[in-house]
Amino acid sequence: EAALHLAFFVAELTGREESGEGCEAGARLLRLLTPLMKLTTARAAVAVASEVLEAFGGAGYVEDTGLPVILRDAQVLSIWEGTTNVLALDAMRAAAKEDGALASLDEEIKTCARSVRDARLARAAKTACDAFTHAAVWLDDARKENQVTLEAGARRFALTLGRATALALLARQAQWSLDEECDARASAAARRFALSGVDLIVEADAEDSFALMSESQAN
């Protein structure tokens, strides 16, 4: 559900840009969010399709059910669009080259959070804001180190931004649904998504990374 809101928000930005109704901030958002949306939804699709097969048990592995082809098609998404590593680097380049792109995304996430009034839902919205802030701080720190540090953390950075944006959009929709439809389902979805790992930034030891990439050596 979060992925759906992220995909359609990017579709909205694309439509405004193509129809000449877009603004400068929208264009910056579109440049940054396009690769973020692709990698975030692609990874989510693989995870969800895999869960569906597992829910079916052994039958999920049988071609006649039509489920294996869904998983194979989902797996293609994280490869065909440029692989999540390539998309993450693209998003990082957009954040660096598009002046104000990160600031525009920050404002969009905060705008979504400000629209949330329900107390339980507000905690989910805060999770999105905190995840974005952590990612932005990490990017600033990594730039002061070296290119290896940037590239090594690019995917965690991009997935954090993508999931934070998706959560913020879902929280905004959930508040509308509570107000206009008296429907708490979207609110439950937002709260559950907030618990599923939004901030993926971790402090990875560079020496460990190099050791894992190298061939095993016996002493």
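Here's a quick rundown of the structure. Each residue is numbered by its place in its chain's sequence as written, counting from 1. Owing to the predicted nature of the model, reporting of local features is limited to residues with pLDDT of at least 70; listing and counting of side-chain atom pairs is limited to 80 or more, with chain, interface and lining totals taken over all residues. Processing note: side-chain calculations cover all non-hydrogen atoms of the structure and skip hydrogens and water entirely.

### Examining the packing of helix H1 (residues 2-18) against helix H2 (residues 24-56)
Here, axes are lines fitted to C-alpha atoms. For helices the fit covers the stretch in contact, and angles between N-to-C directions go from 0 to 180 degrees. In this text, helices come from DSSP runs of H or I with a minimum length of four residues, and strands from runs of E with a minimum of two, each type numbered from the N-terminal end. Relative orientation of the contacting elements H1 and H2 amounts to 145°, with a least axis distance of 9 Å. Our pair here, H1 against H2, has a crossing hand that is left-handed. Seen from H1, the contacting residues are Ala3, Leu6, Ala7, Phe9, Val10, Leu13, Thr14 and Glu17; seen from H2, they are Gly26, Ala27, Leu29, Leu30, Leu33, Thr34, Met37, Thr40 and Thr41. Rotating anticlockwise by less than a right angle from the far helix to the near helix defines a left-handed crossing, while the corresponding clockwise rotation defines a right-handed one. The criterion used for residue contact is that any of the two residues' heavy atoms lie within 4.5 Å.

### Comments concerning the pattern of salt bridges
Only one rule defines a salt bridge in this text: a Lys or Arg side-chain nitrogen within 4 Å of an Asp or Glu carboxyl oxygen. On inspection of all chains with the given rule, the structure shows twelve salt bridges. Its salt-bridge partner being glutamate 63, residue arginine 72 comes within 3.0 Å of it at the nearest N-O pair. Salt-bridge contacts for arginine 117 lead to aspartate 179; the nearest nitrogen and oxygen are separated by 2.2 Å. Remark: aspartate 179 occurs in helix H8 (residues 154-181) and arginine 117 occurs in the loop between helix H5 (101-114) and helix H6 (119-143); sequence separation between them is 62 residues. One network of salt bridges, in which partners are shared, links Arg31, Asp90 and Arg93.

All quantities given are derived from atomic positions and should not be read as evidence of function.
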